[in-house]
Amino acid sequence: MDFLPIRRALLSVTDKTDLAPFAAFLVERGATLVSTGGTYRTLREAGLPVTQVSDVTGFPEIMDGRVKTLHPKIHGGILADKDNPAHLAQLAEHGIETFDLICVNLYNFAEAVQKNLDLRASVEEIDIGGPCMLRAAAKNFHSMLVVPHPQFYPEIKAALEAGDGKAPLELRRKMAAATFAATSAYDRMIADYLGRG
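Residues numbered from 1 in each chain as written. Predicted model: local features only at pLDDT ≥ 70, side-chain atom pairs only at ≥ 80, totals over all residues. Heavy atoms only, no water.

Estimated volume of the largest pocket: approximately 510 Å³. Top element by residues in the lining of the largest pocket is helix 2 (residues 37–45). It accounts for 4 residues. In the lining of the largest pocket, the residues fall into 10 nonpolar, 11 polar and 8 charged. Taken as a whole, the second largest pocket spans an internal volume of roughly 330 Å³. Lining the second largest pocket we find 19 residues, and of these Asn105, Leu106, Pro148, His149 and Tyr186 sit closest to its centre. (1 Å grid on protein atoms, 1.4 Å probe; cavity = no way out; pocket = protein on both sides within 12 Å on 5 of 7 lines; lining within 4 Å. Points joined across faces, edges and corners; volume = space filled by probe spheres on them. Helix = DSSP H or I, 4+ residues; strand = E, 2+ residues; numbered from the N terminus. Nonpolar A, V, L, I, M, F, W, Y, C, P; charged D, E, K, R; others polar.)

Taking strand neighbours across the sheet as the criterion, the 5 strands line up as 4-3-2-5-6 in an open arrangement whose pairing is parallel. Where the open sheet ends on each side, the last strands, each with one partner, are strand 4 (51–52) and strand 6 (145–147). By the bridge criterion, 3 bridges tie strand 5 (residues 101–104) to strand 6 in an arrangement that is parallel. Bridged to isoleucine 102 within strand 6 is valine 146. (Pairing = 2+ DSSP bridges.)

Turning our attention to the pattern of salt bridges. For the coordinates displayed, the defined rule picks out 7 salt bridges. Of the charged contacts, one joins arginine 8 and glutamate 97 as a salt bridge, the two residues approaching to 3.8 Å between their closest N and O atoms. Pair noted here: arginine 8 is in strand 2 (residues 8–12) and glutamate 97 is in the loop between helix 5 (85–94) and strand 5, with a separation of 89 residues, a long-range link. With a relative accessible area of 9%, arginine 8 lands in the buried category. Where lysine 174 meets glutamate 155, a salt bridge forms, and the shortest distance between an N and an O atom there is 2.8 Å. (Salt bridge = Lys/Arg side-chain N within 4 Å of Asp/Glu carboxyl O. Buried < 20%, exposed > 50% of the residue type's maximum accessible area, 1.4 Å probe, protein only.)

Once that is clear, we can look at a nonpolar patch on the surface. A grouping of Leu119, Val123 and Leu194 is seen on the molecular surface, where their side chains present a nonpolar patch of about 260 Å² in accessible area. Looking at where valine 123 falls in the secondary structure, it is placed in helix 7 (residues 119–123). (Patch = residues over 30% accessible without salt bridge, like charges linked within 9 Å, V, L, I, M, F, W, Y side chains within 5 Å. Areas by Shrake-Rupley, 256 points an atom, 1.4 Å probe, with all protein chains shown as cover.)

The next thing to look at is the side chain of threonine 36. Relative to the assigned elements, threonine 36 resides in the loop between strand 3 (32–35) and helix 2. Residue threonine 36 is classed as buried on the basis of its relative accessible area, which comes to 4%. Not counting the four nearest positions on each side in its chain, threonine 36 is found in contact with Leu11, Ser12, Val53, Glu61, Lys68 and Thr69. (Contact = heavy atoms within 4.5 Å.)

In structure tokens form, the structure reads like this:
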């Protein structure tokens, strides 16, 4: 689809810079918000209507937050091709709602390394669900808008304002490329750290 209406957004960020104004912008344009943990609390404290991921999945966050978004009701909603009737039929069959925008940035692994944490503590700072959502949304840019960093908020807002709440394909492809660059750099940093011996 050339122009994607933004009706449902999932936000799960470590860097909360300008998060509340960005989320408020989405709500003002009719989007519903879904979120996790600290991001959920930040949005609630800002007075925004937001649903917890656990209420979508019907399953609580477990293992100290290691497992929260790795669920078909999240990834099905991210990966569905909205131009594919079979995908839409499967979503309906399983009671899964699509997402239109995923705003995710990752645990700050570089900061953990700088703190000289021991190996086990450092490993706990490796994000799993975040990269999975980012990569899924970036792969599916024909049906999704992925936002991998707060630096993109002004560009996203300007594009949605110009497009009457719809994200153009050119923007979605650009954000997908930026997302794969970010996840690649993140994995490289982890590989370098673990490879030090």
